[in-house]
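# Fold and contact review
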Amino acid sequence: MGTVSVVDNAIYVDGRRKLAPSSLDTAFSALRSCSDEGRSFAWIGMLRPGKDEIDAVAREFGLHELAVEDTVNQHQRPKLERYGNTVFVVLRPARYVDPVEVIKLGELHLFLGPEFAITVRHADEPDLAVVRKHLEEDPELLAHGPYAVLWGVLDRVVDDYQPVLEGLQDDIDQIEEQVFGGDAAVSKRIYQLSREVIAFYRAVEPLRDIFAQLRWQFGKNGDTTDVELRRRMRDVEDHATRVLERVENFKTLLTNLVNVQATLVGQRQNEEMARLTEAGFEQNEQVKRISSWAAIAFAPTLVAGIYGMNFDSMPELHWALGYPFAILLMVLAGGLLWVLFKRNDWL
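Let me sum up the structure you'll find in this document. (Residues numbered from 1 in each chain as written. Predicted model: local features only at pLDDT ≥ 70, side-chain atom pairs only at ≥ 80, totals over all residues. Heavy atoms only, no water.)

### Some points on unusual backbone geometry
Both trends apply: most residues other than glycine have a negative phi, and most peptide bonds are in trans. For clarity, the threshold we go by: Only DSSP runs of H or I covering at least 4 residues are called helices, and only runs of E covering at least 2 are called strands; the numbering of each starts at the N terminus.
In this chain, E125 is followed by P126 through a cis amide linkage whose omega measures 0 degrees. Positionally, P126 belongs in the loop between β9 (116–121) and α4 (128–136). Located in the positive-phi region is D14, a residue other than glycine, with phi close to 50 degrees. With respect to the helices, strands and loops of the structure, D14 is situated in the loop between β1 (6–13) and β2 (16–19).

Take a look at the structure:
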């Protein structure tokens, strides 16, 4: 069996690194040889293991086939499941890629037994070498075995959520400026960021159930569970709760921004319609005025046109007062039309 995926493999006795087995095949036997020296357990760290490697570890430490299947298939939601004396934990580490506003979710599996802790990473992050180093610097904490490893991993995963929150907060602040600045392209950005927030929420929300089960486990253990470890678990739970609250606030804020954007767009459309209506009304008024003056001008033109026809037997054609009468008729016709149009507010 190859060991390419094994990034670290060590046996700890009373919280101190004792042995580093050369292969997974020898880890179990090495653990048995250290059992008389104190409280011992094996911590095996794996990165992107193949199915054969996972199956080999499963046979060596008696892992349940359903948990092994989940690890092989990946794409699991965060959870904590118990199979006899073995606890299987799935976590979703997160990293925010700000230039493209995307949250990269990893997947981290842990198998915890009375004498072993197996961490299986399916992505490069988080770097559990930092967690291992931190725990090895505190032998008293690490002496409490696999649950100390679980605490260290949970603490790192939850701490890594903080930069994600800050990245989301910065982008939401920018979106608010775009919304109230009238940027028409902001709707797409809100939708895309909402999808990322929902995906992040799905990675964080199940931690509630995980910590609830851990509280039950520690309560069942009673005085056998280290008080300091329980305190540290509560501290991580508090951090996770604050993370979840902020993510829920982000969801609400983005929903509100969608509503505000729709309201502002509708308001701008109403203003544009009002402007167009006002412009149409003004244009209509101008048309009425022009039509009125055209009608007024048409009346004397009609009279002049009639009397300008070249016929001998036209009424009043040879009448001495015919010309003044025609002028008077033109003025009266135009004046009458002016009075009518003025009364109807066309002028």
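### A word on the pairing of β1
Put simply, the rule reads: When a residue's accessible area, from a 1.4 Å probe over protein chains only, is under 20% of the maximum for its type it is buried; when over 50% it is exposed; and in between it is partly exposed. One bridge is not enough; two strands pair if DSSP finds at least two bridges between them.
Most of β1 is tucked away, with six of its eight residues classed as buried. Relative to strand β3 (residues 40–47), β1 runs antiparallel, the two sharing seven bridges. Residue pairing in the sheet places V6 in a bridge with M46 of β3. Here β1 pairs with β2 via three bridges, running antiparallel. Along β2, the bridge assignment pairs Y12 with R17. Two successive antiparallel strands, β1 and β2, enclose a turn made up of two residues, where D14 displays a positive phi of approximately 50 degrees.

### Focus: the nonpolar core
Here is the rule: The criterion is simple. A nonpolar core is a set of buried Ala, Val, Leu, Ile, Met, Phe, Trp, Tyr and Cys residues joined through side-chain atoms within 4.5 Å. Any pair of residues with heavy atoms lying within 4.5 Å of one another is described as a contacting pair.
Counting residues in each nonpolar core, the largest one holds 59 residues, and the members touching the most others are L91, L150, L154, L168, F200, L207 and L214. Counting residues per element, this core draws most heavily on helix α6 (residues 146–181), at 16 residues. In contact with L214, not counting residues within four places along its chain, are L80, Y147, L150, L154 and M233. I44, A58, F61 and V120 belong to the second-largest nonpolar core, a separate cluster that totals 17 residues.

### As for a nonpolar patch on the surface
Which entries qualify depends on this criterion: Only residues above 30% relative accessible area that lack a salt bridge enter a patch, with like-charged residues linked at up to 9 Å and the nonpolar side chains Val, Leu, Ile, Met, Phe, Trp and Tyr linked at up to 5 Å. Note on areas: these come from Shrake-Rupley sampling with a 1.4 Å probe, and a residue is covered only by the protein chains present in the view. A pairing counts as a salt bridge when a side-chain nitrogen of Lys or Arg comes within 4 Å of a carboxyl oxygen of Asp or Glu.
On the surface, W293, W338 and V339 cluster together into a nonpolar patch covering about 310 Å² of accessible area. Position of W338 among the secondary structure elements: in helix α10 (residues 322–343). You can call W338 partly exposed: its relative accessible area is 37%.

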